[in-house]
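Here's the letter readout for the chains.
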Amino acid sequence: MNAIEIRNLCKNFGEKQAVAGLDMTVPVGSIYGFIGENGSGKSTTEKIICGLIHYTSGSVKLYDRDYKDPDVRSSMGVLIEAPGCFPGLSVWNNLMIQATNLSIENKEAAVREVLIKVRMEGAAGNKYKNCSLGMKQRIGIAMALLGNPKLLVLDEPINGLDADGMRIMREILTDIAKSGSTILISSHILGELEKIATHYGIIRNGKMIVEMTAEELEKNCPTFVAIQTKDNIKTREILQKKYSKVLEDEQKEYLRIYDAESPEEIVKYLYDNNIIVNEVKTDKIGLEEYYINLMANKEVK
Amino acid sequence: MSVNFEKNTFKKRIKSMLGVDIRRMFTSPLFYIMVGVSLVIPILILVMTKMMDGTVSVDPQTGKETVMEGFKNVWQIIGAVSGGKQGMSMDITSMCNINMMFFLISIFVCLFVGDDFRSGYAKNLFTVRSKKDDYVISKTVTCFIAGASMIIAFFIGSMIGGAIAGLPFALEGANVYNVIMCIISKVLLVGIFSSIYLLASVFAKQRLWLSLIIAFGVGMLMFMMIPIITPLNSTIINVLLCLLGSALFSFGIGFGSKAILDKSSLV
């Protein structure tokens, strides 16, 4: 069973087509990283899933039911764009209102639990409008976590979080996924997303261009040997005589050799050509680089 | 892998939605400010008009003298006896009375409902609520409670203001029963107005200015009917008429509000 199943989804805003025949499959229990450029249709798709905007054509199913099914929808948590809180009310009251909205039996305990989870228990009495950007983001996450939702839709949840906040967020989401809940998360911070996501979907111009599991990404991301020498330009010329794919990294610090058997082989080859290698390491391209290459229409492998 | 979901019945949905709105109403300062203002307005009106009563103002160009006339009786601020001479007059007693509360109620409804959309809470609210009937019912009930509280606060304020201004409490052409029926009728009338204002608010969503313009416009059109159907000498007939009107309007306009929410984007 899939938590979200979208087929041929289209959404037009007047003349503009925000989503153009999108297909998307989010398996139950997965952490689905939803990636795309600004304006690619991520937020629009998420809003459609949450029933906040209507789609033009296609179909959206949640847990094999119609996406409007009230039983499924009452088990959803959401954080889209900014957290939806009343600025004049305290953090506690905002969360209590959402706990009431979700018909949670023991509201106080549930609110206390999520506040502890997002490390905000000390700020419960603060007015929402007086909270910092990072705190507001944590409150939004706490709000989405209330009632242990089966499906969590998070749009840029780590925006505005500090390093510690990101770590906490990672731990929380991993724990939720372990309990069988499904998480759809969109973020531009791909390094963070890569640490938790089990599935990925890359959207461009309203269309899904790639859907894959974390294992498939791993296979699609080639390993390489990175070396650093005193004169990388000269070294590159020498390496290109033997290896077909030698590239410089973005910072222009290392040379990457994609078709080498082993680092030792390269070091020996360069030594034979009177070049001393300062540093050598094996690495592989990550989600971010894979995504950038994909977006630039480069051949990844 | 099968996932089971708890049944989200209408009873459960309406209970939680009412819980949200009632909690919001009582935890936000807006409700207390509005009730406070409703309490103070009649006191100010009665005391100030008493102070100005009999004051003569002269137009410097024409030399025409105008005598300011204030309230002669506390009950004038609640309503006029139908058929009486104040019935169709446009002086201060016919304009500054309890009926102006129906405009103040529009401000409350537009702010209260619009806050859901302006704050972004609508995203949390409507993600877990695919059916909009519970939202419309709950908002109508909550706004009715708030509006009724404002009408009662105005009534209490009138009594206090009348006592401070030293105005007579003697009833002419009506009795205590009529006054009670008049107040109940006005309270019931809140149902009609709050459902209209709710419709304006869900149509305008985060655009407060638009909801206020629509609410004020419609309020102006319906304003003149208030003294006619809720005079000071109201009877049970007036109460039943207002009850029926309130039920019909809430039901009919509520459907309109639900249709708008169903058909339009919520963010």
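Scanning chain A for helices and strands turns up 11 helices and 14 strands. Expressed along its principal axes, the backbone C-alpha trace of chain A runs to roughly 75 × 45 × 35 Å. A burial count over chain A gives 43% of its 301 residues as buried. For chain A, contacts bridging at least 24 residues in sequence account for 69% of all contacts bridging at least 6.

Moving on, we come to the overall build of chain B. A tally of regular secondary structure across chain B gives 10 helices and 2 strands. Each helix (α) and strand (β) of chain B, taken in turn from the N terminus, gives the series α-α-β-β-α-α-α-α-α-α-α-α. Its C-alpha atoms give chain B principal-axis dimensions of about 85 × 45 × 30 Å. When the 267 residues of chain B are sorted by exposure, 46% land in the buried category. Counted over contacts in chain B with a minimum sequence separation of 6, partners at least 24 positions apart contribute 82%.

Let's shift gears to the domain arrangement of chain A. For chain A, the assigned domains are domain 1 (2–213) and domain 2 (222–284). Distance between the C-alpha centres of domain 1 of chain A and domain 2 of chain A: 43 Å.

Residue and element names in this part refer to chain A. Read from one edge to the other, the open sheet built from 4 strands follows the order S12-S13-S11-S14, with strand pairing classed as antiparallel. In this open sheet, the two strands that pair with only one neighbour each are strand S12 (246–248) and strand S14 (277–284). Looking at each pair of strands side by side, their axes are set apart by 25° on average, direction ignored. The pairing of strand S11 (residues 223–229) with S14 spans 7 bridges and is antiparallel. Residue Thr-229 lies in a different strand from S14, and its bridge partner there is Val-277. Each of S11, S12 and strand S13 (255–257) is contacted by helix H9 (residues 232–242), which is oriented at about 15° to S13, the strand it contacts most.

Between its first and last C-alpha, helix H4 (residues 101–118) of chain B extends 25 Å over 18 residues, near the 26 Å set by a 1.5 Å rise per residue. The buried fraction of H4 of chain B is high, at 13 of 18 residues.

Below, the discussion takes up the pairing of strand S10 (residues 207–213) of chain A. Residues and elements named next belong to chain A. Both strand S9 (residues 199–204) and S10 contribute to a ladder of 6 bridges, which runs antiparallel. Bridge pairing links Gly-201 to Glu-211 in S10. Adjacent in sequence and paired antiparallel, S9 and S10 are bridged by 2 residues, among which Asn-205 carries a positive phi angle near 50°.

This part takes up the environment of Leu-30 of chain B. Residue and element names in this part refer to chain B. Mapped onto the secondary structure, Leu-30 falls in helix H2 (residues 29–52). As for Leu-30 and Phe-112, which are separated by 82 residues in sequence, their C-alpha atoms are 7.9 Å apart. If we skip the residues at most four places from it in the chain, Leu-30 touches Phe-108, Leu-111 and Phe-112.

Glancing now at helix H1 (residues 10–27) of chain B. Residue and element names in this part refer to chain B. Between its terminal C-alpha atoms H1 stretches 25 Å, which fits the 26 Å expected from 18 residues at 1.5 Å a residue. Inspection of H1 places Arg-13, Ser-16, Met-17, Val-20, Asp-21 and Arg-24 among the buried residues, and these make up the whole buried set. For H1, the arc enclosing every buried residue in end-on projection is 130°, short of the 170-degree limit, so these residues lie on one face. Along H1, the residues that are exposed and aim more than 90 degrees away from the buried face are Lys-11 and Phe-26.

Now for the packing of helix H3 (residues 91–101) of chain A against helix H4 (residues 107–117) of chain A. Residue and element names in this part refer to chain A. Look at H3 against H4: their axes get within 9 Å of each other, and the N-to-C directions meet at 125°. If you check the angle between H3 and H4, you find them oblique. Here H3 and H4 pass one another in a crossing that is right-handed. Packed against H3, whose contacting residues are Trp-92, Leu-95, Met-96, Ala-99 and Thr-100, the element H4 presents Lys-107, Ala-110, Val-111 and Val-114 at the interface. Its residues placed into classes, the contact of H3 with H4 shows 7 nonpolar, 1 polar and 1 charged.

On to the nonpolar core, then. The biggest cluster of nonpolar side chains holds 145 residues, and the ones touching the most others in it are Ala-142 and Val-153 of chain A together with Val-109 and Tyr-197 of chain B. In terms of residue count, helix H7 (residues 176–204) of chain B provides more of this core than any other element does, 16 residues in total. Among residues more than four places away in sequence, those in contact with Val-153 of chain A are Glu-46, Ile-49, Cys-50, Met-76, Val-78, Ile-80 and Leu-184 of chain A. Formed by 10 residues, the second largest nonpolar core is a distinct cluster that contains Val-225, Ile-227, Ile-257 and Ile-266 of chain A.

Take the confidence of the model for chain B next. Low pLDDT means the predicted coordinates in that region are not meant to be read closely. All names here are of chain B. The pLDDT averaged across chain B works out to 89; a share of 95% of its residues lies at or above 70. Within chain B, helix H6 (residues 133–165) carries the highest mean pLDDT (95), whereas helix H3 (residues 92–95) carries the lowest (66). Reported confidences for the modelled complex are a pTM of 0.85 and an ipTM of 0.83.

This paragraph deals with the confidence of the model for chain A. With 98% of its residues at a pLDDT of 70 or more, chain A has an overall mean of 90. Mean pLDDT in chain A bottoms out at S12 of chain A, which sits at 85, and peaks at strand S4 (residues 57–62) of chain A, which reaches 96.

All names here are of chain B. As a packed pair, H6 and helix H10 (residues 236–263) sit with axes 9 Å apart at the nearest point and diverge in direction by 135°. When the interaxial angle is binned, H6 and H10 end up oblique. As H6 packs across H10, the resulting crossing turns out to be right-handed. Residue-level inspection shows Asp-133, Tyr-135, Val-136, Ile-137 and Thr-140 of H6 in contact with H10, the latter providing Ser-250, Gly-254, Ser-257, Lys-258 and Leu-261. For the contact of H6 with H10, the per-class residue count stands at 4 nonpolar, 4 polar and 2 charged.

Moving on: the interface of chain A and chain B. Interface extent is often summarised as the accessible area lost during association of the parts. Facing the 36 residues of chain A at the interface are 33 residues of chain B. At the level of secondary structure, the elements contributing two or more residues to the side of chain A that touches chain B comprise helix H2 (70–73), strand S6 (76–79) and H3 of chain A. Of all the elements, H3 of chain A adds the most residues to the side of chain A that touches chain B, at 6 residues. For the side of chain A that touches chain B, the class distribution of residues is 20 nonpolar, 11 polar and 5 charged.

Next up on the list: unusual backbone geometry. Residues and elements named next belong to chain A. The phi dihedral of Asp-64 is positive, around 65°, even though this residue is not glycine. Looking at the secondary structure, you find Asp-64 in the loop between S4 and strand S5 (65–66). A positive phi is found at Ser-103, a non-glycine position, where the angle reads about 55°. Within the secondary structure, Ser-103 sits in the loop between H3 and H4.

Conventions and cut-offs
- Residues numbered from 1 in each chain as written.
- Chains lettered and ligands numbered in written order.
- Predicted model: local features only at pLDDT ≥ 70, side-chain atom pairs only at ≥ 80, totals over all residues.
- Helix = DSSP H or I, 4+ residues; strand = E, 2+ residues; numbered from the N terminus.
- Buried ≥ 20, exposed ≤ 12 C-beta atoms within 10 Å, placed from the backbone.
- Contact = placed C-beta atoms within 7 Å.
- Domains from an automatic or database assignment.
- Pairing = 2+ DSSP bridges.
- Axes fitted to C-alpha atoms, helices over the stretch in contact; angles between N-to-C directions.
- Expected span 1.5 Å × (residues − 1).
- Arc of directions from axis to C-beta.
- Parallel < 35°, antiparallel > 145°, perpendicular 65-115°, else oblique.
- Left-handed = near helix turned anticlockwise from the far one by under 90°.
- Nonpolar A, V, L, I, M, F, W, Y, C, P; charged D, E, K, R; others polar.
- Core = buried A, V, L, I, M, F, W, Y, C linked by C-beta atoms within 7 Å.
- pLDDT = per-residue confidence, 0-100.

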